[in-house]
Structures are given as C-alpha cells and as structure tokens.
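Coordinate inspection notes
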Amino acid sequence: MGVCCPILRPWDRTRDSYLDNIPCLSDPVRRSSLFMKLGLVALHLVFIGFLFVCDGEFIEKTKRDPWYMASYLLLFSVTLLQYFVTSGSSPGYVIDAMREVSGTDAIYRNTPTTSIQQHGSRKNGSFAINVEGESASSGGGRRTPASSWGKLVLDLYPPGTSLRNLTCGYCHVEQPPRAKHCHDCDRCVLQFDHHCVWLGTCVGQKNHCKFWWYICEESALCIWTLIMYIDYLTNVAKPWWKNAIIILLLVVLVISMIFVLLLLLFHSYLILTNQSTYELVRRKRIPYMRNIPERVHPFSRGIKRNLHNVCCGNHTLDSLPTAFELEDRARPYTCLDMLKCRCC
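Because the structure is predicted, anything quoted here is derived from the model rather than measured.

Observations regarding the overall build of the protein
In terms of regular secondary structure, the protein is built from twelve helices and eight strands. Counting only contacts in the protein whose residues sit at least 6 apart along the sequence, the fraction spanning at least 24 positions is 53%. In the structure as shown, the protein presents an accessible area of about 20500 Å², 63% of it carried by carbon and sulfur atoms.

Okay, structure coming up:
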C-alpha cells in the first residue's frame, strides 16, 4: 500500500502510534481480535435493529405478544454472553497443566540450560546428567525425566520414546499426545482443535464444550432471525429500497446459517468420536496418527464416555493406544456388537 498510496503512510503511522498507547490495543493480535468481536456484535445488532426501525407490524406484534420478543431477546443476549465467555476462556495450555502437576511455577526458556551433577561411586563409574529436568546414565539407555511433568508425559507414550523428541521447539515444554503449539497464541494447547479468529483464541480441551454451546445457540438464533425476515417479506408491499435491504441481509443470513449449522454438525461428530479438527485434517502429518486407518478413532472411549469427558469437564490426558486397543477398535461391527451398544 505504501508504493501505490504513499500519502497513506503518515496516517498509518499516526494510527499505529495512537493505538499503541492504548493497553488493550497495543498488541496487533489482541487488536484484531477486539475488532472481530466488535464487528460480530455489530452484525447481530444490524439484523435485529432493521426490523425495529423499518417494520411497523413487527413492533405491533411485539406489543401484542411481548413473550415472543422477550424470548428472542433472551436468546440473543445468551448467545452474545456465551460468545464472550468462550472467547475469554482458556483452551487448556500445556504450561498451565505443567504448573498444576509439578506444583511449582514453570517458565519459558529460550535456550535450555545444562547442569551437570555427578553421583555414585567409582566402582561402576556411572554419573547422572540433568538437562532441564532430564537425567540420564552414562551407560546409555532411556532418559528418565527428573520433573513430575516429564514423567507423566513420558508415560503417555510407548516405551522407548525419548523425552527430547517430545519437547516443543518454541516454548521448550514437553508436549503430551494431541497437544500442539499455536503460532497465533504462541503457546502449546492441550488437545488442540483450531485457532478461531472470530473468538480470538484457540479451541482446545478445556473450552471445546463452551465452543459447541456457542455455535448451537448461534444456529438457533440464525434460524429464528431467518423466520422473522421471511415473515417480513410475506407481509404487505413495502418500498423497493426496504425490500432490497432485506434481501441483501437475508442472503448474508442464509450463508451464515448454513456455515454455522455445518460447523455445529461437524463439531458434534468430533465430540462423539473424541477427535479434533487438527487430527482430522492433518492426520497424515501427525506421527502417532500416520499409520492408523482412517476409520479408526484411536482416542474414542465410546459415545457416552466421550460426551461425559467433554460436558462434565473430565480433562484427562490421553495416552497413545496400544496395538491391541487399535486392533480391537478396527474390528468390524457385528450384530452382537450392535445389541451390546459397542459404539457407546
């Protein structure tokens, strides 16, 4: 833009310097997230405000049946409240889980520090080397972590896994299975699903249920608003400019409703099968998912238990399934399995 419109450069610098002085707008990521939230709220207000301003019959119906509008405004308020609750919730960061497990404050380190301590007698000539909470014997073998978090993470992987291969290259913390570093949040997220630009935060293990409820309420709000707009078009003739505006808003509403409904169905499927969007889309690129057949859901514990874990806040760390468990889940369904509700 500076090459095509050099006159805008002073304005851009003035705008950026002004926004940098505001604490909540100084960070570009937080600034764009705030603008997204304000834009979404404004879009909701435009859809409902048009009917109040331009439809006299809608106002008369509101006065005649106050419960109808009160129910709609209640759903509208609950949806916006759920939106802000979800956007302000934590998706479940690895660093927070590390603090809970270890009971001590964990800090990010840009470069790992190495401390060498020698123990034992000269009879066996062994000594231990501690590297960021990881100890190893000079005689070789598997490295054993000194921290409680490192031991917990290592137990979630098959025997023979090196803790060094599980350490994130950005935050330098050990990642359990299904965790991923989000470059937008610059943190590792447990059971990473995706980074939602509309919410301004990641969707992960701890807020997936809140996210599902938000898109469910948003779907109900879109359907109800669509019914009111169709009812507006079927009434008596109105000026052409009102019809043009209502048709334009109706097109935007239908596209938004289809997108939100598809998103609701997709995340319902993910919750029922204990999957994430990242695992489904990047299945071939994830090392522990690469050799698993596509129709096998390695972390699913049955529909009832999957729903319980998501809805009741049972935020446990998933371990990689064994070969026997994968073979059992890959077994085709029989009539007896259907009667026993094996899927549940």
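So, next bit.
Observations regarding the UniProt feature "transmembrane region" (unreviewed entry) in the protein
In the numbering adopted here, UniProt assigns the feature "transmembrane region" (unreviewed entry) to residues 34–54, 66–85, 211–232 and 244–272. Across residues 34–54, the secondary structure splits into 100% helix and 0% strand, with the terminal C-alpha atoms separated by 30 Å. As annotated, residues 211–232 has a helix share of 100% and a strand share of 0%, and its two end C-alpha atoms lie 31 Å apart.

Notes on a nonpolar patch on the surface
Together, Leu233, Ile247, Val251 and Ile255 give the surface a local cluster of nonpolar side chains, amounting to about 350 Å² of exposed area. By residue number, the principal contributor to the nonpolar patch is helix α8 (residues 240–273), which donates three residues. Along the polypeptide, Ile255 turns up in helix α8.

A look at the nonpolar core
In this structure, Val94, Trp149, Tyr157, Leu166, Val173, Cys188 and Val189 are the most contacted members of the largest nonpolar core, which totals 28 residues. When contributions to this core are tallied by element, the ones reaching two or more residues are α5 (94–102), α6 (148–155) and β6 (187–189). The element that contributes the greatest number of residues to this core is α5, accounting for four residues. Residues Phe50, Met69, Met228 and Tyr232 belong to the second largest nonpolar core, which totals 24 residues.

Here we look at the packing of α8 against helix α10 (residues 303–311)
Between α8 and α10, whose axes approach to 7 Å, the crossing angle comes to 105°. The angle between α8 and α10 places the two elements in the roughly perpendicular class. Across from Ile271, Leu272 and Thr273 in α8, the residues of α10 making contact are Ile303, Asn306, Leu307 and Val310. Each residue belonging to the contact of α8 with α10 can be placed in one class, and the counts come to five nonpolar, two polar and no charged.

Let's talk about the packing of helix α4 (residues 66–87) against helix α7 (residues 208–233)
The geometry of a pair of packed helices is captured by two quantities: the angle between their axes and the separation between those axes. It is the contact of α4 with α7, at a shortest axis distance of 9 Å, that shows an interaxial angle of 150°. For the pair α4 and α7, the sense of crossing is left-handed. Together, Tyr68, Ser71, Tyr72, Leu75, Phe76, Val78, Thr79, Gln82, Tyr83, Val85 and Thr86 of α4 and Lys210, Phe211, Trp213, Tyr214, Glu217, Glu218, Ala220, Leu221, Trp224, Thr225 and Met228 of α7 make up the contact between the two elements. Looking at side-chain class alone, the contact of α4 with α7 contains 14 nonpolar, five polar and three charged residues.

A closer look at the environment of Leu81
Of note, Leu81 is situated in helix α4. Given the relative accessible area of 56%, Leu81 is considered exposed. Placed 133 residues apart in sequence, Leu81 and Tyr214 show a C-alpha to C-alpha distance of 9.0 Å.

What to know about the environment of Arg301
Looking at where Arg301 falls in the secondary structure, it is placed in the loop between α9 (277–281) and α10. Those residues within four positions of Arg301 in sequence are excluded, and the remaining contacts are Asn274, Asn306, Asn309 and Asp318. At 2.8 Å, the side chain of Arg301 and the side chain of Asp318 are in polar contact.

Considering the packing of aromatic side chains
If you walk through the whole model with that rule in mind, you get nine aromatic pairs. Measuring from centroid to centroid gives 5.1 Å for Trp212 and Trp213, while their planes differ by 85°, and the two rings are edge-to-face. The class for Trp213 is partly exposed, based on a relative accessible area of 42%. With a centroid separation of 6.1 Å and an interplanar angle of 80°, the aromatic rings of Tyr288 and Phe299 are classed as edge-to-face. Taken together, the residues Tyr288 in the loop between α9 and α10 and Phe299 in the loop between α9 and α10 connect sequence positions eleven residues apart. Through a chain of ring-to-ring contacts, three or more aromatic side chains come together here, namely Trp67, Tyr68, Tyr72 and Trp224. One cation-aromatic arrangement involves Lys180 over Tyr278; the distance from NZ or CZ to the ring centre is 5.4 Å. The lysine or arginine in question, Arg187, covers the ring of Tyr93, its NZ or CZ lying 4.6 Å from the ring centre.

Rules used in this analysis
- Residues numbered from 1 in each chain as written.
- Predicted model: local features only at pLDDT ≥ 70, side-chain atom pairs only at ≥ 80, totals over all residues.
- Heavy atoms only, no water.
- Helix = DSSP H or I, 4+ residues; strand = E, 2+ residues; numbered from the N terminus.
- Contact = heavy atoms within 4.5 Å.
- Areas by Shrake-Rupley, 256 points an atom, 1.4 Å probe, with all protein chains shown as cover.
- UniProt positions renumbered as here; feature names shortened; annotations may be inferred.
- Patch = residues over 30% accessible without salt bridge, like charges linked within 9 Å, V, L, I, M, F, W, Y side chains within 5 Å.
- Salt bridge = Lys/Arg side-chain N within 4 Å of Asp/Glu carboxyl O.
- Core = buried A, V, L, I, M, F, W, Y, C linked by side-chain atoms within 4.5 Å.
- Buried < 20%, exposed > 50% of the residue type's maximum accessible area, 1.4 Å probe, protein only.
- Axes fitted to C-alpha atoms, helices over the stretch in contact; angles between N-to-C directions.
- Parallel < 35°, antiparallel > 145°, perpendicular 65-115°, else oblique.
- Nonpolar A, V, L, I, M, F, W, Y, C, P; charged D, E, K, R; others polar.
- Left-handed = near helix turned anticlockwise from the far one by under 90°.
- Polar contact = N/O pair within 3.5 Å; in protein donor to acceptor, adjacent residues only side chain to side chain.
- Phe/Tyr/Trp six-rings, centres within 6.5 Å; stacked < 30°, edge-to-face > 60°.
- Lys NZ or Arg CZ within 6 Å of the ring centre and 35° of its normal.

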